[in-house]
Amino acid sequence: MNILKGVAICSGFGAATYFIIKDGEHRAHNNSFVQLDPDPRLRRQEKDVLIPSLMRKTAQNEDCAEVTQIYKKCCSEFAKNNSKWSFMIFKECKEESKAMMNCMNEKFVDPEYYYKCKQMYVDEKYIRHTTKLAGDNRKDVKECVGKGELPKFHIDEDIQTYMDGVKEFYLKTQDVEAYDRHVLAMRPSPVVV
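A quick note: this is a predicted structure, and the numbers were derived from the prediction, not measured.

Asks: An account of the packing of aromatic side chains is needed here, citing residue identities and associated values.
Replies: Per the stated rule, a full pass over the model turns up three aromatic pairs. With 5.7 Å between their ring centres and 55° between their planes, Phe 169 and Tyr 179 make a pair best called tilted. Taken together, the positions of Phe 169 in helix H8 (residues 157-173) and Tyr 179 in helix H9 (residues 178-185) put the pair ten residues apart, joining distant regions of the chain. According to the relative accessible area criterion, Tyr 179 is buried, its value standing at 16%. The ring of Phe 169 has Lys 172 sitting right over it, with the charged end atom 5.1 Å from the ring centre. Across from the ring centre of Tyr 126, 5.2 Å away, lies the NZ or CZ of Arg 187, which sits over that ring.

Shown next, in the form of structure tokens:
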């Protein structure tokens, strides 16, 4: 029975997230700030898929976190109390779902939010390219440095170089993010032709 509750919660939240993404992408394309972005550094896939995906994640985890948590709480409470009728979650949590969708859709049609998330994406892409490490690997290294532990994973040359940089800046600032900011600050400015 607990498995059914878990499945109902996950499927209800997953379906709502899917519709939010599709509706947001549709609205973003109708507003066309995604298609009209003249930045030659980005491929179409990055403008149309990856940046909107980052917009959704950022909205869900930061800007709309409160309404998202309210919706998740409603879903889990309903599934806990009504395991037999958990497919009715959409009807029962309609107001919470609507509030979450409205919040996230506001972000999807906001050009300023697109450019903010685009900058986050470009920064992440530059750090990934410069350090030769994916975001998850950098996060693991930062956690190890912050805790003063040795990593439990294989350390190759790229990871060792990154870890040394993070340690150096961590000792100076007590901030594990300082090295990434340093890497971004050392980025050459674009050449204007």
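Asks: Go over the nonpolar core with me, naming the residues and quoting the values.
Replies: A general trend in soluble globular proteins is that nonpolar side chains are found buried together. Within the largest apolar cluster, 20 residues are counted, with the highest numbers of intra-cluster contacts made by Ile 51, Met 55, Ile 89 and Cys 93. Among the secondary structure elements, those contributing two or more residues to this core are helix H2 (44-63), helix H3 (65-81), helix H5 (94-108) and helix H6 (111-131). Apart from residues no more than four positions distant in its own chain, Met 55 is found in contact with Lys 107, Phe 108, Tyr 113, Tyr 114 and Cys 117. Counting residues in each nonpolar core, the second largest holds 14 residues, with Leu 133, Phe 169, Val 176 and Ala 178 among its members.

Asks: Which residues make up the pattern of salt bridges, and what are the values?
Replies: The full count for this structure, using the stated rule, is eleven salt bridges. Between Glu 168 and Lys 172 there is a salt bridge; the shortest N-O distance is 3.4 Å. Within this pair, Glu 168 and its partner Lys 172 are both found in helix H8, separated by four residues, close to a single helical turn.

Asks: With reference to specific residues and values, describe the state of the cysteines.
Replies: Enumeration over the complete set of coordinates arrives at two disulfides. Residue pairing for Cys 64: its cysteine sulfur links by disulfide to Cys 103, the two sulfurs lying 1.9 Å apart. Taking the sign of the torsion about the S-S bond as the criterion, the disulfide between Cys 64 and Cys 103, at about -90°, is left-handed. A residue pair is termed long-range when its members are at least 10 positions apart, and Cys 64 in the loop between H2 and H3 and Cys 103 in helix H5 qualify at 39 residues. No difference in accessibility class separates Cys 64 from Cys 103, as the two residues are buried. Bonded cysteines in the protein chain are paired 1-4, 2-3 when counted in the order they occur along the chain. Cys 75 takes part in no disulfide bond, and the closest cysteine sulfur to it belongs to Cys 93, at a distance of 4.4 Å.

Asks: Give me the packing of H2 against H5: which residues, what numbers.
Replies: Orientation of H2 relative to H5, taken along the N-to-C sense of each, is 135°, at an axis distance of 10 Å. Taken together, the axis directions place H2 and H5 in an arrangement best described as oblique. Two packed elements cross with a definite hand, and for H2 against H5 that hand is right-handed. Two secondary-structure elements touch here, H2 through Pro 52, Met 55, Arg 56, Ala 59, Gln 60 and Asp 63 and H5 through Cys 103, Met 104, Lys 107 and Phe 108. Here the contact of H2 with H5 is built from residues that sort into six nonpolar, one polar and three charged.

Conventions adopted
- Residues numbered from 1 in each chain as written.
- Predicted model: local features only at pLDDT ≥ 70, side-chain atom pairs only at ≥ 80, totals over all residues.
- Heavy atoms only, no water.
- Phe/Tyr/Trp six-rings, centres within 6.5 Å; stacked < 30°, edge-to-face > 60°.
- Helix = DSSP H or I, 4+ residues; strand = E, 2+ residues; numbered from the N terminus.
- Buried < 20%, exposed > 50% of the residue type's maximum accessible area, 1.4 Å probe, protein only.
- Lys NZ or Arg CZ within 6 Å of the ring centre and 35° of its normal.
- Core = buried A, V, L, I, M, F, W, Y, C linked by side-chain atoms within 4.5 Å.
- Contact = heavy atoms within 4.5 Å.
- Salt bridge = Lys/Arg side-chain N within 4 Å of Asp/Glu carboxyl O.
- Disulfide = S-S within 2.5 Å.
- Axes fitted to C-alpha atoms, helices over the stretch in contact; angles between N-to-C directions.
- Parallel < 35°, antiparallel > 145°, perpendicular 65-115°, else oblique.
- Left-handed = near helix turned anticlockwise from the far one by under 90°.
- Nonpolar A, V, L, I, M, F, W, Y, C, P; charged D, E, K, R; others polar.

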